[in-house]
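Per-entry structural report
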Amino acid sequence: MQNNYFALTTPPGQGGISVIELIGPDAHRIIAKIFRHNSKSAIPNSQLSPGHLYLGKIYNNTDLIDEVIIHYIPTRHSFSGLDTVEISAHGGIVSANRIKDCLSATGAKEITARQLINLAARNRKINPTQKLALKELLDAKTTLAAQVLLDQYTERATLPKRFVQALTQPKRIVITGKPNAGKSTLFNALVGKDRAIVHHTPGTTRDTIEETISINGFPFILVDTAGLGNKTDRISNKAIKFSRKEITKADLVLHLIDASETDKPCKLPELKKLTKDIRVYNKIDLFTSTIKPSAGSIQVSALKGAGIDALKKAIISKFGFGKFKYRPGRALAFSE
Ligand SMILES: Nc1nc2c(ncn2[C@@H]2O[C@H](COP(=O)(O)OP(=O)(O)O)[C@@H](O)[C@H]2O)c(=O)[nH]1
Ligand SMILES: [Mg+2]
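Figured I'd write up the structure that's included with this text. This is a predicted model, so every value here is computed, not measured.

Quick look at the pattern of salt bridges
Any two side chains of opposite charge can pair, given that their charged atoms come close. Throughout the structure, instances matching the rule amount to seven salt bridges. Its salt-bridge partner being lysine 100, residue glutamate 110 comes within 3.0 Å of it at the nearest N-O pair. Taken together, the residues glutamate 110 in strand E7 (residues 109–110) and lysine 100 in helix H2 (residues 93–105) connect sequence positions 10 residues apart. Look at lysine 100 and you get buried, because its relative accessible area is 14%. A salt bridge links lysine 283 to aspartate 258, with the nearest nitrogen and oxygen atoms 3.1 Å apart. Separated by 25 residues along the polypeptide, lysine 283 in the loop between strand E12 (277–282) and strand E13 (298–299) and aspartate 258 in strand E11 (residues 252–258) bring together distant segments of the chain. Since its relative accessible area comes to 4%, aspartate 258 is described here as buried.

Following this line, the structure appears as structure tokens:
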């Protein structure tokens, strides 16, 4: 009998009961072969009614395997979208294994809980989001994680893909600009602690440094780079190479410009190819610049913390995350 499956849906090991789902078009016929009602007046197996529990014994030919309760769930109500007979056996791995052997002998194929979830998705009993949520739920490590995942399973509404991805795969924000523009100071201001070394000598940040930050509950990977210097700047070629590489991997570039000097924005091919960048004029506390900040740019003092909230707001709006509001019980995207 093909296309019939069985799955142990309780954890293998000691327990009060073991539950085995027998699933497939021949579930009735298979259970009829191995199950006998305790009551002689019981209705035949072929007429198991949904919503009833039947107490009886499972036999492997003449060998008694276990006393069990079975429960028939017709296709339209079943989890997998196939006829199902749920077998509740005595707990313990030996009993469960013996029943599994018995089912194997009928030609049914054992599947895992995960495969059972796949089966339900294939039969369109659950949508792709619910499928993922259930699988994640199997591995949930905290109560909150389980709650959020259960929200996804019971709610059918899903959030747009951009939220889905952003919550589990943080976007990369790379800070670039000329040496001494205040990149590391801005990095620290956004991270909220002194992580990157700040120095008045240009080229202090030689390698890239990254930290995960949260803005409005969205995780972002913030990257501080050595920046993009001219040949005259005291910044190593290696550090510039690192910076350029970071820019190509960035989802958003914060292009920092020292507003206290007549600092022109860096002109680099990497910057031209960018889909997203924000020009940030820094050191407005010393503002003597002759540069008129361009439209859409943000002015900050990374040192004094001025304009940081406006910058965070600009970042959120650049990604279109401003519209996102999480209410418990609502579908929260947890993976793509
Ligand atoms: N007045 C003022 N100085 C700043 C500001 N941001 C950074 N600096 C200073 O500029 C210098 C270079 O800063 P740093 O963050 O190391 O620049 P980086 O090379 O771009 O990483 C340091 O002396 C900082 O204190 C600012 O908003 N205002
Ligand atoms: Mg630096």
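A word on unusual backbone geometry
Phi is positive for asparagine 61, which is not a glycine, with a value near 55°. Here asparagine 61 is to be found in the loop between strand E4 (53–60) and strand E5 (63–73). On the basis of relative accessible area, asparagine 61 is assigned to the exposed category, the value being 67%. For arginine 124, which is not glycine, the phi dihedral falls at a positive 60°. Structurally, arginine 124 can be placed in the loop between helix H3 (113–122) and helix H4 (128–138).

Re the packing of aromatic side chains
For any pair of aromatic rings, the description consists of the separation of the ring centres together with the inter-plane angle of the planes. Under the definition given, this model contains three aromatic pairs. Here phenylalanine 319 and phenylalanine 321 contribute two aromatic rings whose centre-to-centre distance is 5.4 Å and whose plane-to-plane angle is 15°, an arrangement assigned as stacked. When its relative accessible area of 8% is taken as the criterion, phenylalanine 319 is described as buried. Judged by relative accessible area, which is 2%, phenylalanine 321 ranks as buried. Ring pairs connect the aromatic residues Phe220, Phe319 and Phe321, which therefore count as one cluster. Between arginine 36 and the ring centre of tyrosine 59, over which it is positioned, the NZ or CZ distance is 4.2 Å.

Some words on the packing of H3 against H4
Relative to each other, H3 and H4 sit at 165°, their axes nearing to 10 Å. The angle between the axes of H3 and H4 places the two elements in the roughly antiparallel class. Between H3 and H4 lies a crossing whose hand is right-handed. Taken together, the residues of H4 that come into contact with H3 (itself represented by Ala113, Arg114, Ile117, Asn118 and Ala121) are Lys131, Leu134, Lys135 and Leu138.

So, the site of ligand 1
If you check the shell around ligand 1, you find 19 residues, and the closest are Asn180, Lys183, Ser184, Thr185 and Asp285. Contact distances for ligand 1 include 3.0 Å between an oxygen atom and a backbone N or O atom of alanine 302. Coverage of ligand 1 by the protein amounts to 89% of the 580 Å² it exposes when considered alone. Tallied by class, the residues present in the shell around ligand 1 amount to six nonpolar, nine polar and four charged.

Points about the environment of asparagine 127
With respect to the element layout, asparagine 127 can be found in the loop between H3 and H4. C-alpha of asparagine 127 to C-alpha of tyrosine 153: the two residues are 26 residues apart in sequence and 8.9 Å apart in space. Of the polar contacts made by the side chain of asparagine 127, one reaches the backbone nitrogen of threonine 129; its length is 3.0 Å.

Cut-offs used in this document
Residues numbered from 1 in each chain as written. Chains lettered and ligands numbered in written order. Predicted model: local features only at pLDDT ≥ 70, side-chain atom pairs only at ≥ 80, totals over all residues. Heavy atoms only, no water. Salt bridge = Lys/Arg side-chain N within 4 Å of Asp/Glu carboxyl O. Helix = DSSP H or I, 4+ residues; strand = E, 2+ residues; numbered from the N terminus. Buried < 20%, exposed > 50% of the residue type's maximum accessible area, 1.4 Å probe, protein only. Phe/Tyr/Trp six-rings, centres within 6.5 Å; stacked < 30°, edge-to-face > 60°. Lys NZ or Arg CZ within 6 Å of the ring centre and 35° of its normal. Axes fitted to C-alpha atoms, helices over the stretch in contact; angles between N-to-C directions. Parallel < 35°, antiparallel > 145°, perpendicular 65-115°, else oblique. Left-handed = near helix turned anticlockwise from the far one by under 90°. Contact = heavy atoms within 4.5 Å. Near = heavy atom within 4 Å. Polar contact = N/O pair within 3.5 Å; in protein donor to acceptor, adjacent residues only side chain to side chain. Areas by Shrake-Rupley, 256 points an atom, 1.4 Å probe, with all protein chains shown as cover. Nonpolar A, V, L, I, M, F, W, Y, C, P; charged D, E, K, R; others polar.

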